[in-house]
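Summary of the model geometry
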Amino acid sequence: MSPSHEAPPVADPLDRTRFPVDEWRLVESRFEAADQGVTETLFAVGNGYLGLRGNVEEGRDSHAHGTFVNGFHETWPIHHAEEAFGFARVGQTIVNAPDAKVIRLYVDDEPLLLPIADLLEYERAIDFREGVLRRELVWRTPAGKRVRVRSSRMVSFAQRHLAVLTFEVTLLDDAAPVAISSQILNRQDGEDEYHVRSKAMGEGVDPRKSETLDRRVLEPRHHAGDVEAGRVELGYRTHDSGMTLAVVADHHLDTANDVTARVAAEDDLAKMTYRVHAQPGEPIRLTKVVAYHTSRGVPVRELLDRCRRTLDRVQEEGVERQYADQRDWLAGFWERSDVEIPGQSAVQQAVRWNLFQILQASARAEGWGFPAKGVTGSGYSGHYFWDTEIYVLPFLTYTSPQSARSALRFRHQLLDHARRRARELAQDGALYAWRTINGEEASAYYAAGTAQYHINADISYALSQYARATGDVDFLIREGIDILVETARMWVDIGFWRSEGDSTFHIHGVTGPDEYTTVVNDNLFTNVMARFNLARAASVVRELAESDGPEYAQVVRRLGLTDDEVAQWERAARDIAIPFDEHLGVHPQDAHFLEREVWDLDRTPLDKRPLLLNYHPLVIYRFQVLKQADVVLALFLQGDQFTAEQKRADFEYYDPITTGDSTLSAVVQSIMAAEVGYADLAYRYFCSALYVDLADRHQNTADGVHVASVGGVWSALACGFGGFRDHGGAFSIDPRLPAEWDELAYRVTLEGTRVRVVVRVDEVELTVEDGDEARLSVRGEAVVVRAGAPVAVALDGQGPRLAGGPAPVPGRRRADGSVITATVPGINP
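Keep in mind it's a predicted model, so treat the numbers as computed, not measured.

**Observations concerning the overall build of the chain**
Counting secondary structure elements, the chain contains 18 helices and 31 strands. For 829 residues, the compact-globule estimate of 2.2 N^0.38 gives 28 Å, and the chain sits close to it at 28 Å. Expressed along its principal axes, the backbone C-alpha trace of the chain runs to roughly 90 × 65 × 55 Å. For the chain, buried positions account for 61% of its 829 residues. The contacts in the chain between residues at least 6 apart in sequence include a share of 67% that link residues at least 24 apart. Once the 89 positive and 124 negative side-chain charges of the chain are each reduced to a mean point, those two points are 2 Å apart.

Okay, structure coming up:
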């Protein structure tokens, strides 16, 4: 087994007797309680607004219950042990919304409990083409009766607020009394199905470790039930944030058996109960249609009306229409977004699962960001980070640009919050919160939070990439330019010029992406991205001024622009310090990084990983050791600013000292390993990233899907192996097809034209699938591809090929003659 900081060997990590290979489905053929937290995440369904974890229908027997509505959160004051001006003040966490998934089954008054049930058959599967989670099992009851149970769960992409659940029971042998209890349960403040408060959130949730409050979170505002209509309703308002929520469920029971129905509704529970005199061979089919609506403050009664309208529309259209709309929606998604790897079925399945997760995290977010765990779990408290712009938006920009536009418009909505945050930190312009839901900074640890000023440049980079890829000038002029200008103002204000022969612009006291090195001077990633931000803001303003239209006058008036400050941005971008060590031939991660000694990862015990959970931050900060790619990420995002020789030297220096303790790292290391020529290493990193969640590589998949990592998988495919780049709006392809593959096909939409790119060993084939034409280059050769006229460009190999991996850093000599050494804190040499 390789050390945990190295890319693992290429191998299929899944138990294929339990999770068989299926290119279009994730299938579980055997229930196991031991890893329920993981499978609850893997089989979650969502649409970016509403998410339902893959909890068992029967309720209590779950690791961590979860029903999440993006942006629906509670706030509280953050109390610091030692206060200081400017510390984050407003804590925010996503709320576990009332749970409508619960459908409990009793046969002969005995409950179906999966962990102890005698299951004769079992299969659970989600088909990525239909977006429906289905489960089928045969249960032998304690009395020996066989019962077939079929269920399904869907969160609609077509109707943002809608979920459809079905539950069908058929006795196979003998008659028996059957009871079905369909519930909406407020787990956030209430009890579980057995009225046990401590287990309301699931067996795997320790209340001592969560952000618990000493009061109710959801204050009841409404409850109602109508047995004739089969409708139950609940409404709430959050205690501090003042957000409101309503959830309404309609029930329809279809059976030839005799049935009686009852309804009950109270503050934290609403349920329909059906008692059935069930005969063998006579199905009992329950259809449960649920609507969730939330608001930042609209009264609950208004949200209830919206829920009722949603459900009334479903009654008019029929449930089958909802399934058909779901299939049509997904057909369009896969037409735009699919990545195909012929002959690699296991990899193909994992790739499609990853792409499907991006969709579930983003499709209908509309007005909100993308939480780090999407709507599959409560990890990171439902906060939004830079993950969105750097890891998720590239996929959306080139495949579903409307979703990318929505996410960027949300950042614009937070601009006033960013302006206020900048003033709190004595800066001009705007500074976006490192982690947030409502726009306020929620990171209590400033060194690895607020100090990551690069988030400003990350957002500016993403909006620039979107504008160039789509040609969406309207967004750029009306909203995007405001972000570019205010972030550029912040960079000029935080930095300073120092005369060192030629005047140089420096940025001190910031943290880059690598959180194992904090509050440093001239972090390379930050400076490189700030340079882009400054130059892009200046160029957009200059171009708009040259157009001499009313739009420029509006921008000047709206933002108070002056020619002098634009010139200052240009000067700062030109003069910014880009550290480079001539002796070692690498770019230092920051001004003093190379002065430190190296952390000896090979000698670090596995029980001391990840480092941040086993060593005080001050211990980690003293060493050359990376949590995730930092300089290497800059090489990817700003690749046209570095030579091929610099990229290789930097990759070879930083790769051996990168722990991979962050799930954000492997995809970037894969991309750059492929570009510089470490083909085997690139494929190993890719496979590691591909199975981050599917194989629970970081032992925390139970907290939710790693959305940034699944987004990065697409970049590893399209940009790493597919060789796609977009530098300054110039689209290019220089592929690195893995030796294990015969072919790779991916799609990119460039200025409204969708191009299918097929990479083979000896050629790249370009085909317009939608639109008129696209212009790009393949290995430096300019290509125009038009509708109905595919173009094939011959390849002479797949780029450089380097054997083995980068050499260890220890033993290299600094310019002052000192030798870089490696140690492990607390372990004698």
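**Regarding the nonpolar core**
One finds Trp569 and Phe686 to be the most contacted residues of the largest nonpolar core, which totals 227 residues. Looking at this core element by element, the count peaks at 12 residues for helix α10 (residues 524-547). Here Phe686 is in contact with Val347, Val351, Ser670, Val713, Ala716, Leu717, Phe721 and Trp741, once residues within four sequence places are set aside.

**Re the pairing of strand β4 (residues 67-77)**
Extensive coverage of β4 is indicated by the burial of 10 of its 11 residues. Bridging between strand β3 (residues 50-52) and β4 involves three bridges; their strand directions are antiparallel. Residue pairing for β4: Gly51 is matched across the bridge by Phe68. Where β4 meets strand β5 (residues 90-96), six bridges bridge the pair, whose relative direction is antiparallel. Among the inter-strand pairings, Phe68 is bridged to a residue of β5, identified as Asn96.

**Re the pattern of salt bridges**
Scanning all chains against the criterion turns up 73 salt bridges. One salt bridge in this structure joins Arg542 and Glu570, with 3.0 Å as the shortest N-O distance. Residue Arg542 is found in helix α10, and its partner Glu570 is found in helix α12 (residues 563-575); the two are separated by 28 residues along the sequence. Accessibility expressed as a relative area gives 30% for Arg542, which makes it partly exposed. When the shortest N-O distance is used, the salt bridge between Glu769 and Arg754 registers 3.0 Å. With a gap of 15 residues between them, Glu769 in strand β27 (residues 763-770) and Arg754 in strand β26 (residues 753-760) connect regions that are remote in the sequence. Note on Glu769: relative accessible area 31%, which makes it partly exposed.

**A look at the packing of aromatic side chains**
Aromatic ring pairs are reported here in terms of the distance separating the ring centres and the angle at which the planes meet. One pass over the structure, following the stated rule, counts 32 aromatic pairs. Summarising the aromatic geometry, the rings of Phe333 and Phe395 are spaced 6.2 Å apart at their centres and angled 65 degrees between planes, so their arrangement reads as edge-to-face. Pair noted here: Phe333 is in helix α3 (residues 319-337) and Phe395 is in helix α5 (residues 387-399), with a separation of 62 residues, a long-range link. Of the two residues, Phe333 and Phe395, neither departs from the other in class, the shared state being buried. Ring centres of Tyr683 and Phe686 lie 6.2 Å apart, and the angle between their planes is 25 degrees; on these two criteria the pair is classed as stacked. Of the two residues, Tyr683 and Phe686 are both situated in helix α17 (residues 679-690); the distance of three residues between them amounts to about one turn of the helix. Take Phe686: its relative accessible area is 0%, and that puts it in the buried class. The side chain of Arg352 reaches across the aromatic face of Trp24, ending 3.7 Å from its centre. Here the basic side chain of Arg571 rests over the ring of Trp497, its NZ or CZ set 4.0 Å away from the ring centre.

**Re α3**
Between its first and last C-alpha, α3 extends 27 Å over 19 residues, near the 27 Å set by a 1.5 Å rise per residue. Among all positions in α3, only Gln322, Tyr323, Gln326, Leu330, Gly332, Phe333, Trp334 and Ser337 are buried.

**A short note on the sheet that holds strand β23 (residues 724-727)**
Reading across from one edge, β23-β24-β28-β29 is the order of the four strands in this open sheet, with mixed pairing throughout. What marks the edges here is a single partner per strand, and that holds for β23 and β29 (781-786). With direction set aside, neighbouring strand axes in the sheet form an average angle of 35 degrees. Bridge analysis of β23 against strand β24 (residues 730-733) gives four bridges, and the strand direction is antiparallel. Looking at β24, one finds that Arg725 is bridged to Ser732.

**A few points about the environment of Ile477**
Secondary-structure assignment places Ile477 in helix α9 (residues 473-494). For Ile477, the residues in contact, after removing those within four places along its chain, are Leu544, Glu551, Val555 and Arg558.

**A closer look at the packing of α10 against α12**
Orientation of α10 relative to α12, taken along the N-to-C sense of each, is 145 degrees, at an axis distance of 8 Å. By crossing handedness, the relation of α10 to α12 is classed as left-handed. Contact residues: α10 offers Arg531, Leu534, Ala535, Ala537, Ala538, Val541 and Arg542, while α12 offers Asp563, Val566, Ala567, Trp569, Glu570, Ala572 and Ala573. The class makeup of the residues in the contact of α10 with α12 is 10 nonpolar, no polar and four charged.

**A short note on the sheet that holds strand β31 (residues 822-823)**
Through backbone hydrogen bonds, the strands of a sheet pair up, either in parallel or in antiparallel fashion. What the three strands build is an open sheet, ordered β22-β21-β31; its pairing is parallel. Every interior strand has two partners, whereas the edge strands, β22 (623-624) and β31, have only one. Relative to β22, strand β21 (residues 597-599) is paired through two bridges, and the arrangement is parallel. Counterpart to Glu597 in the pairing with β22 is Phe623.

Here is what the cut-offs are and how they apply
- Residues numbered from 1 in each chain as written.
- Predicted model: local features only at pLDDT ≥ 70, side-chain atom pairs only at ≥ 80, totals over all residues.
- Heavy atoms only, no water.
- Helix = DSSP H or I, 4+ residues; strand = E, 2+ residues; numbered from the N terminus.
- Rg over C-alpha atoms; globule rule 2.2 N^0.38 Å.
- Buried < 20%, exposed > 50% of the residue type's maximum accessible area, 1.4 Å probe, protein only.
- Contact = heavy atoms within 4.5 Å.
- Lys, Arg positive; Asp, Glu negative; His and termini not counted.
- Charge placed at Lys NZ, Arg CZ, Asp CG, Glu CD.
- Core = buried A, V, L, I, M, F, W, Y, C linked by side-chain atoms within 4.5 Å.
- Pairing = 2+ DSSP bridges.
- Salt bridge = Lys/Arg side-chain N within 4 Å of Asp/Glu carboxyl O.
- Phe/Tyr/Trp six-rings, centres within 6.5 Å; stacked < 30°, edge-to-face > 60°.
- Lys NZ or Arg CZ within 6 Å of the ring centre and 35° of its normal.
- Expected span 1.5 Å × (residues − 1).
- Axes fitted to C-alpha atoms, helices over the stretch in contact; angles between N-to-C directions.
- Left-handed = near helix turned anticlockwise from the far one by under 90°.
- Nonpolar A, V, L, I, M, F, W, Y, C, P; charged D, E, K, R; others polar.

Worth remembering: the numbers are spatial, not functional.
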